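The residues making up each chain are set out below.
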Amino acid sequence: MRASLTLIFCIFYLISNGQFKKNDRVSISFDNTSLEVIFDSLSAQTNYFFSYNSDLLPKGSLYTISADNEPIDQVLSRLFIGTGLKYGFYKDQIILNYEPPQQIVKRKNFFTLSGTVYDEDGQPLNGVNVFLDGTTIGISSDIDGNYKLESIPPGYYNIVFSHVGYQNGVYQVSESNGGARIQNHQMEVDLGQLEEVEVVSNRIERTQDSWLSHYMVFKREMIGLTDKAQQCVIENPEVINFSYDRSSNILRAYAKEPIQIRNDALGYRVTYFLESFKKENDDLRFRGKMRFRNLEPMNGNERREWKRNRKESYYGSLNHFKKSLLEGNLKKEGFRIYSLKNIEQFEINKDNQLEESDILVFKGTHYELDFNRYLIVEYRKENESLRFLANSGFADLLYEDYITKEGVLVKDPGNQISIIRLLRGSVRLDLSGEVMDRFGLSTFGYWSWERTADLVPINYDPKYDNL
């Protein structure tokens, strides 16, 4: 009887006021009841209707709640505690979405970076690209030179300040306790020395000494030759210039503006701030800063394809390896590691297999990666691509026994093999797994085969892709 009277009263109230308000009051009393039944009661009392995907609701869960003439938003807030469900009001709808509780807990340690950017005369500088290298986290400074980067996961980053006509400014930032930090910067014209990325690739082959032939080499080496590379486009190739020394076979590339790369395989637009590019015979070295932005998918199918491709790129990658190593679950994630004294004597067997504790040392404030020169990393949950076997010079080195007398490599795709080489006695990793000394190591094999086309941001998490 009480429910009927309440319903009649609420209907009269809504009609007399002619509108719906978020502070509409409801009275309910449920014991071990499904959310669907509770929603029906709330809708009947307020004329709101709930909009949601049924897959969002916890399966088989029952809820106990009571309220006496209480605002509906307060009732919903209490009802959704611990469920991960979030709500919002739009006209006569209550729209539900889902945020995993684990992610909410994780955000307690997120931190904020803010500050002001100045020009050479100390005046605020508008339109400066301020971003965390290799991530999707970035913004442009406003008219007063101010910027603010929010919701940054704990870890080690390079914050980059970039503007046409000025030298990039870079600061190292490491944070694990959350909170807020301030980083101001005055843009400089002088060049600075920045970290280097070292990989190894194939010999340059050209038939003519021209910009176009140099550009094709540059694109192949920067973007790669994987399946995903076929869906990448450099949108402003005209900003790239080259120099070539024929006697030493050295190709260098320069870019007067950031290189814009559209990756239609992963759904990113990558702004690449090229600092150096040098290719000499089989040795390739390049360095730069990267900012990732999400593209807007045309439809649900494209969104699902991008998410699937991003997961494929992440699993088995160097970032996946580092995260698994720190969490002590390399084998569970599909990795095996082996010692290697000399790259020309490549061999995988049980005698040279290692454990996490053989190569990783915890130092209290950081980790150290420590092994004898080379480390073989085998990833067993995904096979090599046919393109790798056909185009990678390392396939010949790694699979010498599969080469015929005619020099043809005959091998079916197997587990992905990569090699890490230490260029220092040991290399420091921060508590999130980021390499703190980029000069300290280089990679060979599958990790060096996958280039920009297969990179996801370092803040990418396959469980929480916000595409």
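An account of the accompanying structure is given in this report.

Rules used throughout
Residues numbered from 1 in each chain as written. Predicted model: local features only at pLDDT ≥ 70, side-chain atom pairs only at ≥ 80, totals over all residues. Heavy atoms only, no water. Patch = residues over 30% accessible without salt bridge, like charges linked within 9 Å, V, L, I, M, F, W, Y side chains within 5 Å. Areas by Shrake-Rupley, 256 points an atom, 1.4 Å probe, with all protein chains shown as cover. Salt bridge = Lys/Arg side-chain N within 4 Å of Asp/Glu carboxyl O. Helix = DSSP H or I, 4+ residues; strand = E, 2+ residues; numbered from the N terminus. Buried < 20%, exposed > 50% of the residue type's maximum accessible area, 1.4 Å probe, protein only. Pairing = 2+ DSSP bridges. Axes fitted to C-alpha atoms, helices over the stretch in contact; angles between N-to-C directions. Phe/Tyr/Trp six-rings, centres within 6.5 Å; stacked < 30°, edge-to-face > 60°. Lys NZ or Arg CZ within 6 Å of the ring centre and 35° of its normal.

**Looking at a nonpolar patch on the surface**
Together, Trp-211, Leu-212 and Met-216 make up an exposed nonpolar region whose accessible area comes to about 310 Å². One can find Trp-211 in helix H5 (residues 211-223).

**Re helix H7 (residues 318-327)**
Within H7, burial applies to His-320, Phe-321, Lys-322, Ser-324, Leu-325 and Leu-326. Just downstream of H7 lies Gly-328, where phi reads positive at about 70°.

**Quick notes on the sheet that holds strand E27 (residues 427-429)**
Read across the sheet, three strands follow the order E23-E24-E27 without closing on themselves; strand pairing throughout is antiparallel. Because the sheet does not close on itself, it has two edges, and the strands there are strand E23 (360-362) and E27. Within the sheet, the average angular offset between the axes of one strand and its neighbour, ignoring direction, is 30°. When strand E24 (residues 367-369) meets E27, the two strands line up antiparallel, connected through three bridges. Across the sheet, residue Leu-369 finds its bridge partner in E27, namely Val-427.

**Overview of the packing of aromatic side chains**
All chains considered together, the criterion is met by 24 aromatic pairs. Ring geometry for Tyr-147 and Phe-161: centres 5.6 Å apart, planes at 80°, overall edge-to-face. Residue Tyr-147 is found in strand E9 (residues 146-152), and its partner Phe-161 is found in strand E10 (residues 155-162); the two are separated by 14 residues along the sequence. Seen in terms of ring centroids, Phe-362 and Tyr-367 are 5.0 Å apart; in terms of plane orientation they differ by 50°. Their pairing is tilted. Residue class for Phe-362 comes out exposed when judged on its relative accessible area of 52%. Linked through ring pairs, Phe-39, Tyr-48, Phe-50, Tyr-52, Phe-80, Tyr-87 and Phe-89 together constitute an aromatic cluster. Sitting over the ring of Tyr-268, Arg-310 keeps its end group 3.8 Å from the ring centre.

**Looking at the pairing of strand E25 (residues 374-383)**
With six bridges connecting them, strand E21 (residues 335-340) and E25 associate as antiparallel partners. Each residue of the ladder has a partner; that of Ser-339, found in E25, is Leu-375. Bridge analysis of E25 against strand E26 (residues 415-422) gives seven bridges, and the strand direction is antiparallel. Bridge assignment links Ile-376 to a residue of E26, and that residue is Ile-419.

**Regarding the pattern of salt bridges**
Close approach of charged atoms lets side chains of opposite charge pair. Here the structure, examined in full by the defined rule, presents 17 salt bridges. Residues Glu-70 and Arg-78 are paired through a salt bridge, measuring 2.9 Å at the closest nitrogen-oxygen approach. Linking Arg-269 and Glu-235 is a salt bridge whose minimum nitrogen-to-oxygen distance equals 3.0 Å. Note that Arg-269 is positioned in strand E19 (residues 268-280) and Glu-235 in the loop between strand E15 (232-234) and strand E16 (240-245), a separation of 34 residues in sequence. According to the relative accessible area criterion, Arg-269 is partly exposed, its value standing at 24%. Residue class for Glu-235 comes out partly exposed when judged on its relative accessible area of 37%.

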